[in-house]
Amino acid sequence: MSDKAEIKVNGSSYELPLVKGTEDELAIDISSLRAQSGVITIDTGFKNTGSTKSAITFLDGEKGILRYRGYPIEQLADQSTFIEVAYLLIYGSLPSASELSDFQQKITTHTLVHEDIKKLLDGFPSTAHPMGVLSSLVTSLTAFYPQSLDPNRPEEEVEMSIIRILAKMPTFAAWAFKNQMGHPVNYPDNSLDYCSNFLKMMFALPTEKFEADPVVTAALDKLLILHADHEQNCSASTVRIVGSSQASLYASISAGINALWGPLHGGANQAVIEMLENIRKDGGDTKKWMAKAKDKNDPFRLMGFGHRVYKNFDPRAKIIKKAADDVLEKLGVNDPVLDIAKGLEREALEDQYFVDRKLYPNVDFYSGIIYKALGIPPEMFTVMFALGRLPGWIAQWKEMSENKEPIGRPRQVYVGANSRDYVPVSKR
Ligand code: ACO
């Protein structure tokens, strides 16, 4: 097979190299096309554009495959822990027992945040969306650790930034929730594991002894694993592109949090539960809402359905659907929105509109139901996603900076006015 592609523009041919991935994915390297021919390529929304070569996550949207560093998501969700998966994503291989305990120990001893950060938190009204609070608090770390801003930072400094952000994110997330509730914040408890500590900071009352339910902790850990990375999605690409200007890890992650917030990305999990609640309040007629979703004059979309890459099934959705059943059963929760979700899924899978467009439930369709059962309110769902996605963002930022990728700077096809002379306001 040739390792070149040929492109013809206005009768002239240009040869471009083909790039092959380890899973035999083929790409045309168009980086020399403009220099050769004066022509650029355009692909709004990057639907068919690879922005980088990456060794972190592999996914095959047609076959429904997702692997972190080569390990199938099903095995990791079943047998690993979130902290181990974080190590795997960030450093590239599974840790030995001592590497894992060292990593865990370092994260545990950096959970506390500077007391002045509480003053920033106090400045937010309780109406502030926790995602906005979270991204602000993460950016504020640049002020408390200014050495992280140095583009020539030594490796140890990068390592410290990685540990700090992993350790402090649950504290920020729980504090963003406390701010919304108008409650005093809880400080981290370093005797607890990652998820139990987070749950304690979220739910413990000063007057009560708090013990995390192991069912809740295990479910949360699994959800975080399932969200931990997803190759070059909107927020990961944002993290890489911000980082490519040599902005600090904290600034890049904060940008990723904002990119995740929108309802077409991580914000979908909040949107799904709100949609399911609306359907329930409206009488539970799923057919009516299916018709709305298909009506091109109606802006309503079935939230939690469809994916840019998965066109067969989302392997994470499969695992989450089962986890939702398990968690609700173990916790003895009977949530009517679960029945509505299952009804919608059943109908959509048989509906020609959804079948033709290859629209299947995505990771967010069932995650909100579990979060709700765990006592986490809808405005916090996307924060939970951010907590899970953090190791992926770190891994993407680290890979981009270690590979010394050039600053991300797309081109455009200009479609505005041609050159024209300025007319002073008095003559217009
Ligand atoms: N409900 C109804 N119709 C839909 C839906 C939906 N959820 N999703 C896509 N479609 C339709 C579109 O109207 C379009 O139809 P057309 O060809 O007749 O015009 C077709 O399917 C293709 O849709 P696009 O928007 O072009 O697909 P794209 O790949 O750009 O978008 C996206 C993917 C954003 C996820 C989309 O499916 C969507 O909006 N889903 C709902 C929001 C959601 O769940 N987002 C979470 C994604 S997962 C994640 O970020 C973790």
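Here, every reference points to the structure presented above.
Computed from a predicted model, the values in this text were never measured in an experiment.

Enquirer: Before we move on, could you go through the sheet that holds strand 6 (residues 71-72) and cite the residues and values that matter?
Expert: Pairing is antiparallel across the open sheet formed by three strands, whose spatial order is 4-5-6. Whereas interior strands pair on both sides, the edge strands pair on one side only; in this sheet they are strand 4 (57-60) and strand 6. Examined bridge by bridge, strand 4 and strand 5 (residues 65-68) share four bridges and lie antiparallel to one another. Along strand 5, the bridge assignment pairs Leu-59 with Leu-66.

Enquirer: Before we move on, could you go through the site of the ligand and cite the residues and values that matter?
Expert: In the vicinity of the ligand, 23 residues are found, and the nearest of them are Arg-301, Leu-302, Gly-304, Phe-305 and Tyr-353. Within the contact set of the ligand, a nitrogen atom lies 3.3 Å away from a backbone nitrogen or oxygen of Leu-264. The side chain of His-265 places a nitrogen or oxygen atom 3.0 Å from an oxygen atom of the ligand. In the complex, the protein chains occlude 78% of the 920 Å² of accessible area that the ligand would expose alone. Among the residues forming the shell around the ligand, the class breakdown is eleven nonpolar, five polar and seven charged.

Enquirer: Now, about the sheet that holds strand 1 (residues 4-9): what can you tell me, with residues and values included?
Expert: If you trace the three strands from one edge of the open sheet to the other, you get 1-2-3, paired in antiparallel fashion. Two strands in the sheet have a free side with no partner beyond their single neighbour: strand 1 and strand 3 (26-28). The sheet shows a mean angle of 35° between the axes of neighbouring strands, direction not considered. Inspection of the sheet shows strand 2 (residues 12-20) paired to strand 3 by three bridges, in the antiparallel sense. Counted as the bridge partner of Val-19 is Ala-27 from strand 3.

Enquirer: Just give me the short version of the pairing of strand 1, but keep the residues and values in it.
Expert: Here strand 1 pairs with strand 2 via six bridges, running antiparallel. Bridged to Glu-6 within strand 2 is Glu-15.

Enquirer: Go over unusual backbone geometry with me, naming the residues and quoting the values.
Expert: Phi is positive for Arg-69, which is not a glycine, with a value near 50°. As for its placement among the helices and strands, Arg-69 is situated in the loop between strand 5 and strand 6. Of the residues examined, Arg-69 reaches a relative accessible area of 21% and is grouped as partly exposed. With a phi angle near 70°, Gln-246 is a residue other than glycine that sits in the positive phi range. By the secondary structure assignment, Gln-246 is in the loop between helix 10 (234-243) and helix 11 (249-261). Among the residues examined, Gln-246 registers a relative accessible area of 48% and is labelled partly exposed.

Enquirer: So what's going on with the pattern of salt bridges? Which residues, and what values?
Expert: In total, this model carries 25 salt bridges according to the counting rule given. For Lys-4, the salt bridge identified is with Asp-3, shortest N-O distance 4.0 Å. Across the pair Lys-20 and Asp-24 runs a salt bridge whose closest N-O atoms are separated by 3.7 Å. Each member of the pair, Lys-20 as well as Asp-24, is classed as exposed.

Enquirer: Tell me about helix 7 (residues 155-181), and please be specific about residues and values.
Expert: Compared with the 39 Å implied by 1.5 Å per residue over 27 residues, the 39 Å span of helix 7 between its first and last C-alpha is a close match. At Lys-168, helix 7 is bent by approximately 35°, the largest bend along its length, and proline Pro-170 sits one to four residues beyond. Across the 27 residues of helix 7, 22 count as buried, placing the element largely inside the fold.

Enquirer: Help me get a handle on the side chain of Arg-164, residues and values and all.
Expert: Looking at the element boundaries, Arg-164 is found in helix 7. Since its relative accessible area comes to 11%, Arg-164 is described here as buried. Those residues in contact with Arg-164 that lie beyond four places of it in its chain are His-110, Tyr-145, Gln-147, Glu-157 and Tyr-250.

Enquirer: Pulling in residues and values, what's your account of the packing of helix 7 against helix 8 (residues 194-203)?
Expert: Each packed pair of helices is defined by two parameters, the angle between the axes and the distance between the axes. At a minimum axis distance of 8 Å, the contact between helix 7 and helix 8 shows a crossing angle of 25°. It follows that helix 7 is roughly parallel to helix 8 by the angle criterion. In this structure, helix 7 crosses over helix 8, and the sense of that crossing is right-handed. Between helix 7, through Leu-166, Pro-170, Thr-171, Ala-173, Ala-174, Phe-177 and Lys-178, and helix 8, the contact on the second element is made entirely by Tyr-194, Phe-198, Met-201, Met-202 and Phe-203. Class assignment of the residues belonging to the contact of helix 7 with helix 8 gives a composition of ten nonpolar, one polar and one charged.

Thresholds, definitions, all that
- Residues numbered from 1 in each chain as written.
- Predicted model: local features only at pLDDT ≥ 70, side-chain atom pairs only at ≥ 80, totals over all residues.
- Heavy atoms only, no water.
- Pairing = 2+ DSSP bridges.
- Helix = DSSP H or I, 4+ residues; strand = E, 2+ residues; numbered from the N terminus.
- Near = heavy atom within 4 Å.
- Polar contact = N/O pair within 3.5 Å; in protein donor to acceptor, adjacent residues only side chain to side chain.
- Areas by Shrake-Rupley, 256 points an atom, 1.4 Å probe, with all protein chains shown as cover.
- Nonpolar A, V, L, I, M, F, W, Y, C, P; charged D, E, K, R; others polar.
- Axes fitted to C-alpha atoms, helices over the stretch in contact; angles between N-to-C directions.
- Buried < 20%, exposed > 50% of the residue type's maximum accessible area, 1.4 Å probe, protein only.
- Salt bridge = Lys/Arg side-chain N within 4 Å of Asp/Glu carboxyl O.
- Expected span 1.5 Å × (residues − 1).
- Bend = angle between axes of the 7 residues up to and from the residue.
- Contact = heavy atoms within 4.5 Å.
- Parallel < 35°, antiparallel > 145°, perpendicular 65-115°, else oblique.
- Left-handed = near helix turned anticlockwise from the far one by under 90°.

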